[in-house]
Amino acid sequence: MQVRHRAILAGLALTLLSGLALQAVQAADVTYRWVNGNGNLQLSDTLPSGAATNGYQVIDPHTGAVVREVAPRKTAEEKAREAAAKEAMELAEREAQAQAERDRILLSLYSNEADLKQARDQRLDRMDSRIAQMEGSIERMQANIDDGHDDPAYARDLERMKQAVVEVRAERDAMAEQFEADLKRLRELRSNG
């Protein structure tokens, strides 16, 4: 029984060793091809360190077929360009998605140009009324100051009111510009739809 057991173990060991030997032969049975620093094509069964940086091919020495190709390592400049291009592409995608959402909202709010113009006129009229009321308040406050109302807090309130009018006018102008842009975009969407 011991002899049989030893024979089985010896057979397993021989199988294992022959498998390892075959793998070692197969691993050494490749050729590397690369271009050196002078631009000359090089072939060898070992790969110098510079070739790994510049890229190389693994060749089957029996058939000459390319088994694997390893690209050159990218420079920091190439990596930065790729990152910038990727970032620009992602930004463009986000902007396209945002534009699609704005378009969806625009089309859901206004069925035609007349609806948009009506909404524009109503909103701008409200802003104009608000500005007129504020300007009326400014005139009354200024008249009170001119008549001798010399409270410093009252004068500060007047200056705040004047600044508020400037801000509301800017808001109105921005709103008018946005309505014009929306009108132009609505026309584009309706003509393409």
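For every chain, the first residue of the written sequence is number 1, and numbering continues from 1 onward in sequence order. Given that this is a predicted model, residues contribute local features only at a pLDDT of at least 70 and side-chain atom pairs are listed and counted only at 80 or more, while totals for whole chains, interfaces and linings are drawn from all residues. Side-chain numbers here rest on the full set of heavy atoms in the structure, without hydrogens or water.

Draft legend 1. Broad picture of the sheet that holds strand β4 (residues 66–70). Each pair of strands is called paired provided DSSP finds at least two bridges between the two strands. Going along the chain from the N terminus, every DSSP run of H or I of four or more residues is numbered as a helix, and every run of E of two or more is numbered as a strand. The antiparallel open sheet is built from four strands, whose spatial order is β2-β1-β3-β4. Looking at the sheet topology across the chains shown, the edges are occupied by β2 (41–44) and β4. Mean inter-strand twist for the sheet, computed between neighbouring axes without regard to direction, equals 20°. Relative to β4, strand β3 (residues 56–59) runs antiparallel, the two being bridged by four bridges. Bridging across to β4, V58 finds its partner in R68. Only the stretch in contact is used when fitting a helix axis, every axis being a line fitted to C-alpha atoms; angles between N-to-C directions are given from 0 to 180 degrees.

Draft legend 2. Molecular detail of the layout of surface pockets. Put simply, the largest pocket is a space of about 240 Å³. Lining of the largest pocket is provided by 13 residues; of these, Q99, R102, L106, Q178 and D182 occupy positions nearest its centre. When contributions to the lining of the largest pocket are tallied by element, the ones reaching two or more residues are α3 (76–109) and α5 (152–192). Three classes are used: nonpolar for Ala, Val, Leu, Ile, Met, Phe, Trp, Tyr, Cys and Pro, charged for Asp, Glu, Lys and Arg, and polar for all others, with Gly counted as polar. For the lining of the largest pocket, the class distribution of residues is five nonpolar, two polar and six charged. Of the grid points, spaced at 1 Å and generated over the protein atoms alone, those admitting a 1.4 Å probe that cannot get out make up cavities, while open sets with protein on both sides within 12 Å along at least five of seven lines make up pockets; any residue with an atom within 4 Å of a point is treated as lining. Grid points are joined across faces, edges and corners, and a volume is the space filled by probe spheres set on the points.

Draft legend 3. Looking closely at the packing of aromatic side chains. Any two rings among Phe, Tyr and Trp, with Trp reduced to its six-membered ring, count as a pair given centres within 6.5 Å; such a pair is stacked if its planes are under 30 degrees apart, edge-to-face if over 60, and tilted if neither. Inspection of the entire model under this criterion finds one aromatic pair. Ring centres of Y32 and Y56 lie 5.9 Å apart, and the angle between their planes is 70°; this geometry places the pair in the edge-to-face category. Separated by 24 residues along the polypeptide, Y32 in strand β1 (residues 31–35) and Y56 in strand β3 bring together distant segments of the chain. Relative accessibility under 20% of the residue-type maximum defines a buried residue, over 50% an exposed one, and the middle range a partly exposed one, all with a 1.4 Å probe and only protein chains included. Among the residues examined, Y56 registers a relative accessible area of 13% and is labelled buried.

Draft legend 4. Expanded view of the confidence of the model for the protein. Across the chain, each position has a pLDDT score giving the predictor's confidence in that residue, from 0 to 100. Taken residue by residue, the protein gives an average pLDDT of 86. The fraction at 70 or more is 85%. Any two residues whose heavy atoms approach within 4.5 Å at even a single point are treated as in contact. Predicted confidence for residues 20–26 stays below pLDDT 50, and this span has zero contacts to residues more than four positions away or in other chains.

Draft legend 5. How the structure looks around the pairing of β3. In β3, alternate side chains face the same way, and those of Y56 and V58 on one face and Q57 and I59 on the other are all buried. Where β1 lies against β3, three bridges are found, and the strand directions are antiparallel. In the strand pairing of β3, Y32 is matched with V58.

Draft legend 6. Spatial organisation of α5. Expected span of a helix: the number of residues minus one, times 1.5 Å. With 41 residues, α5 extends 60 Å between its outermost C-alpha atoms, agreeing within 8% with the 60 Å of an ideal straight helix rising 1.5 Å per residue. If you check which residues of α5 are buried, you get Y154, L158, V165, V168, M175, A176, F179, D182, L183, L186 and L189. Taken together, the buried residues of α5 touch α3 and α4 (113–146).

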